[in-house]
Amino acid sequence: MGGSSRVYADLTPLTAQRRGGRGVREPAGFDLQAALGAAAGGAGAADHGRDDAAADAALRVKKAWEVAMSPGKSLPMQAFMAWMSGTSVSIFSILITGMILMSPLRAIAGVQQAFAGIERGAKGAPLDLTPQKAAFVAINIAGILFGVYRLSIMGLLPTTTSDWLAFLPPKQYLEHSV
Amino acid sequence: MLVGRGLVGRGLAALAVAAQAALGLFPDEAGRIDWYRAQIGVPHALAGHTHNGTAALYAATERGVVAALDADSGSVRWRHVLDGEAIGALRVGGGRVLAQSAGGGEARVRVWDAHSGALQWAFARHANSTDPAAAEFVGDGSGDVVAVAGGALVRVGAGGEPAWELRLGGSAAFGRVVVAGGSAFAIGERRGGGGGGLRVVQAALADGARQRQYSVADGQALGSGRAVVAGAHVLWREDGDIVWRVHRLGATSPPWDLLHAKMVQEELAPEDMLTSTLGELAPGEPRFTLTYAKAGARKTVAIELDEGPDGGVGMRKLAALRTDGAAIGCGGGGGAALVAVSAADGAWRARGAGGERLRGRLAYDAAAHGPVVRAALVRTAAGGARAVAVTAGGLVLCGAPGADAALWARDEALAHATDMALVDLPPPPSGAERAAAESDPAAGASAAARYALRWAATARAVAAWAFGLLRGSAAPADAAIPATVGDHFGFRKLAVFGSGSGVVAALNTQGGARAWARRLADGAVDRVVVARRCQPLAADPPPVVVAVARSASANATVVAALHALTGAVLRSDTLPGPPPARVLPLPAAAADGQQLIALIWISSGAPALRVWPPTPDAARSLCAAAAATPLFFDVADDDARVRGFRIHCGADGDAPAALPAWAFALPPGETLAAPPTRYDDDAAHAAALLGRVLGDRSVLYKYLSPHVTTLAARRAAGGVAVYLLDRVSGRLLHSAVHAAARVGPDHPFVATQAENRVVYQLWHDVIPGAAPARGYVTVVADLYESDVPDARDARPAFSGLDLAQPAVVTAAFAAPGPATALAATRTASHITTRDVVFALRSGALLSLPAPLLDPRRPVGAPPTADEQAEGLVQYAAPLPLDPRRVLSHVHTVAAVRRVVSAPTHLESTALVAAYGLDLFFTRVTPSGSFDQLSPSFSKLNLAATTLALAAGCLLAAPMVRRQVTARAWA
């Protein structure tokens, strides 16, 4: 094979293909409307006559929920790793806890980017993904809370009087004795 | 809690101890960061002796030491420390050394091998410390000794077993023993009426049978200058008489002969005889001295008694010397007879029995060591002579005939050290400062020239360092650094000692080099206080130490301010009257920054208080300071009472006086055994953390009052009570009764305090059912604001008058040994753990970590998780004598009187100094040397690695750049 034998794949979504060329035939046995109807739920299935935009929006909302729920899928793994690393203060447990804390923080900071692809592709009026974003943030906050709980059981949260002992001013005595 | 609870607890404790870093030194550090000086004290008896071709000088000292010194070098061949005993007689003969001593309720006689110092035998008899005692060799080659001990005349043979014993009765204080003619004579001054005189008891040497007892020399007393015992004779001169009466011990007819001094010294006139004095010369030998004044000159004649051809007593002159202002001594051992050492300049003259004339000079600094007060002449193995002199300041000098300088000198003043203060030293000059010192500004050198000089000095320093590195010693030798120059780490300080012989001397804490010495008075120096620290600029006032000394001859107190770096007297005042009971450094300074000192004389009313320096400015400064912050002190002016006083000034504000504030009376039947003591200074109460963090992360807040004082009382019903008092209010903070404890000279009460912890040690007897074991017990008491975690008095300022009662947690441990002093280590910021240093009677300085002395250690059960988190290990009664924690490693630091700790500039490191008979200085790192590179750290490797990395980066950079470019084009 020479240097020019590169393979290019056209990954244009099916709906785009449909928009671009009506003459393209569906694969044998594939019913796009039925698929869109199953994705949009019972209402969508019942309404085969809705236009493409509605079907597109429904699909995007579905994808948005998937994105919103994705941080929750990693929580059990993080909990397992935390349990494995123990509660003692060591380099490994500190790294794990740092990861548990930093991943949700990074995700929350990038919430717009996480949903940008889904929002950008919408036709007409911008798609309102606020509930999905709120769920996304809420789940990540739960992750942060888990990390904070980890810090707490590791004794790294300054929640007791001993944590502030070094900052107490020394006592002043009003008399001298020799 | 003296009982250990099982093997598990002990095992855990042992593991905890094993986990501690070893404080012992590595072999290459021994003697480099620590130093040790073995001392013997000021000799009061000297004797020379040659045995098997080896000559030595034997000394019995006022510190209870018997020592053998090398006659040529002055080094200690062997010594025996009889701590707490007063040595009465020292005799050397036949390869044996005999010492008679008293102390601890016993009179003792010991005999050592003169060459090795090995104890041959010892004999002890119960006796009061005031009972006279004496001992002499029998002289028949057997090594037996006849001694007066415990009111009996005893012959003691090998093994220390008495061969016979004869009770002497109480008619006289028998303080002499003479062995002559197959009899032993006990001679003593008669007690009660009868006008004095000597009582003689004669006993058969073989079986101790009483042969005769009689009186002689009526009205005379030994040591009065008119009566002496010379060999087997008693010689005396009646008051107003010019002739001597001499009695041969045991002779009955005639009871005494008459002798006239003109027989040996023709120039004597009757009036000279009337004022002459007799002195003893060589113990056991028939010699004595006559000292008289003639034509304004003082002369001393050595005379020997002998048996006349007709059986009577005769005498002959051995030597005569002018002895104006000189100390007189004898030669002993035949040969030399008399030596006189000038008290002024150390010049000495000696006359041998055969007319041999010797002279020499023992040059020394009389201002630092005082006049010569004792002299002796000893023979060397080769038959030569050595003059030995002892000065009032405690310097022992030895010189050879014809030499101007002393052959050797031993300064024993610091074996009698009474107090010590540490003075920070200025750091060493930088290269620029050295260059500035080397260049002569007056020569008109330009700035550029000085700049060049500075760089040249730096280059020289770097070259010297590199050269040292190549030779394996990067640091310059300590000996090359002047004793008054410090270092950048605060390891080098000046230790200023006050001595019982009136000397103030300054030694560098690193290596022990002497900076200066000065004799202030003929009495003891009671206190040394740093009154002004080193200032950063040379133009600032100099550092000052104030010494308070007794003048025994003038019945006065000398208070002197000395330049801490040179010893120059900056100011000196003589205060008539007895010495002050207390000397208190005050938290106030005069206008020149010099700290004020309060001198306290106790009286039945308010104690007399005098401020030093005695200037109006000082009084006003003290009044201003006392008005701003009330100032309290306490005195134990009674066996059963402690009183507190407040310094108060009148309306004019310049006449400070002591105003009664409180009184603490001991319960009936108790007397003070150890007066209230202030340990260290305010830094003893300073702490980096105000509380102790428990396992659950709650806090017990420390009771860090600087006013806590500790005292011990002896109970009439038995036992010892220990009280912690508040010095401001007189309030009792804590008390503990140790029913089985006993405190006395043999079992001293020692204590120390660090932060909120008081540690003390005392002796416990066995009490059936109560105290199961006999031994020393170390008690630890931790004071907290409350026993409830997180409970704290949140007020920002506290008054000692309204502080709450502390909660006290205590524990007792079996001590690692009898201790003569305790001290807690001290670092700059109090972050490092504070170890407790035990100065043990065995001569070891043992440093125990604070967790081992923790009174919160769980008893009877393994520590819980919280307790483990707190760092507690299970309680075990014995405090281990861990060899790794013996700071003094191979040295025996004898008879330690006090241990002092001082911070350095490194938080990890504290200085520890111990003084008593011996001196010992070292550095400790209780929490490890966390702020220093280890000695094995290779700076060369670090530099090489850094350079290699830099070179690697330089080499790799073009390659990486090429690769990135190629990737971009791909």
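What counts and what doesn't
Residues numbered from 1 in each chain as written. Chains lettered and ligands numbered in written order. Predicted model: local features only at pLDDT ≥ 70, side-chain atom pairs only at ≥ 80, totals over all residues. Heavy atoms only, no water. UniProt positions renumbered as here; feature names shortened; annotations may be inferred. Helix = DSSP H or I, 4+ residues; strand = E, 2+ residues; numbered from the N terminus. Pairing = 2+ DSSP bridges. Axes fitted to C-alpha atoms, helices over the stretch in contact; angles between N-to-C directions. Parallel < 35°, antiparallel > 145°, perpendicular 65-115°, else oblique. Nonpolar A, V, L, I, M, F, W, Y, C, P; charged D, E, K, R; others polar. Buried < 20%, exposed > 50% of the residue type's maximum accessible area, 1.4 Å probe, protein only. Lys, Arg positive; Asp, Glu negative; His and termini not counted. Salt bridge = Lys/Arg side-chain N within 4 Å of Asp/Glu carboxyl O. Polar contact = N/O pair within 3.5 Å; in protein donor to acceptor, adjacent residues only side chain to side chain. Contact = heavy atoms within 4.5 Å. Buried area = accessible area lost by both parts, 1.4 Å probe.

Looking up chain B in an unreviewed UniProt entry gives the name ER membrane protein complex subunit 1, with the organism given as Coemansia javaensis. Heading Sequence similarities (unreviewed entry) of the UniProt record for chain B holds this comment: "Belongs to the EMC1 family." The UniProt entry for chain B carries this comment under Subcellular location (unreviewed entry): "Endoplasmic reticulum membrane".

If you look chain A up in an unreviewed UniProt entry, it shows as ER membrane protein complex subunit 4 from Coemansia javaensis. Listed in UniProt under the heading Subcellular location (unreviewed entry), the comment for chain A reads: "Endoplasmic reticulum membrane". Note on chain A: under the UniProt heading Sequence similarities (unreviewed entry), the record states "Belongs to the EMC4 family."

A. Main features of the UniProt feature "transmembrane region" (unreviewed entry) in chain A. Residue and element names in this part refer to chain A. Here, the residues flagged by UniProt with the feature "transmembrane region" (unreviewed entry) are residues 79–102 and 134–152. Structurally, residues 79–102 comprises 79% helix and 0% strand, and the distance from its first C-alpha atom to its last is 14 Å. Secondary structure within residues 134–152 divides into 100% helix and 0% strand; the distance between the first and last C-alpha atoms comes to 26 Å.

B. Layout of the sheet that holds strand β4 (residues 65–70) of chain B. Residue and element names in this part refer to chain B. The sheet built from 4 strands is open, its strands ordered β2-β3-β4-β5 with antiparallel pairing. Because the sheet does not close on itself, it has two edges, and the strands there are β2 (43–51) and β5 (76–81). In this sheet, neighbouring strand axes are inclined to one another by 15° on average, regardless of whether the strands run parallel or antiparallel. As defined by bridge partners, β2 adjoins strand β3 (residues 54–61) across 8 bridges and the pair is classed as antiparallel. Note that in β3 the partner of Pro 43 across the bridge is Thr 61.

C. Geometry of the packing of helix α3 (residues 52–85) of chain A against helix α6 (residues 130–153) of chain A. Residue and element names in this part refer to chain A. Relative orientation of the contacting elements α3 and α6 amounts to 10°, with a least axis distance of 8 Å. Put simply, α3 runs roughly parallel to α6. Class assignment for the residues of the contact of α3 with α6 results in 15 nonpolar, 6 polar and 1 charged.

D. Geometry of the side chain of Asp 726 of chain B. All names here are of chain B. Positionally, Asp 726 belongs in strand β52 (residues 720–726). With no salt bridge to any partner, buried Asp 726 finds its closest opposite charge in Arg 731, at an N-O distance of 4.8 Å. Polar side-chain contacts of Asp 726 include one of 2.8 Å to the backbone nitrogen of Val 728. Leave out the neighbours within four places in its chain, and Asp 726 touches Trp 662, Tyr 703, Ser 705, His 707, Arg 731, Leu 733 and Gly 800.

E. Just the pattern of salt bridges, in detail. Residue and element names in this part refer to chain B. Under the definition given, this model contains 46 salt bridges over all chains. Between Arg 287 and Glu 285 there is a salt bridge whose closest N-O contact spans 3.3 Å. Under the relative-accessibility criterion, Glu 285 is labelled partly exposed at 21%. Through salt bridges with shared partners, one network takes in Arg 692, Arg 757, Asp 782, Asp 854, Arg 856 and Glu 870.

F. Main features of the interface of chain A and chain B. At the interface, 20 residues of chain A touch 38 residues of chain B. Here chain A meets chain B over a buried area of about 2400 Å², counting both sides, of which 59% is carbon and sulfur. If you look at where chain A meets chain B, you find 2 salt bridges. The closest approach of N and O atoms between Asp 163 of chain A and Arg 697 of chain B, which form a salt bridge, is 2.8 Å. Between chain A and chain B we count 19 residue pairs in polar contact (both at pLDDT 80 or more) in total. The class makeup of the residues in the side of chain A that touches chain B is 9 nonpolar, 8 polar and 3 charged. Of the pairings in the sheet, the one linking strand β2 (residues 176–177) of chain A to strand β45 (residues 631–638) of chain B comprises 2 bridges and is parallel in character. Within β45 of chain B, the residue paired with Ser 177 of chain A across the bridge is Phe 632 of chain B.

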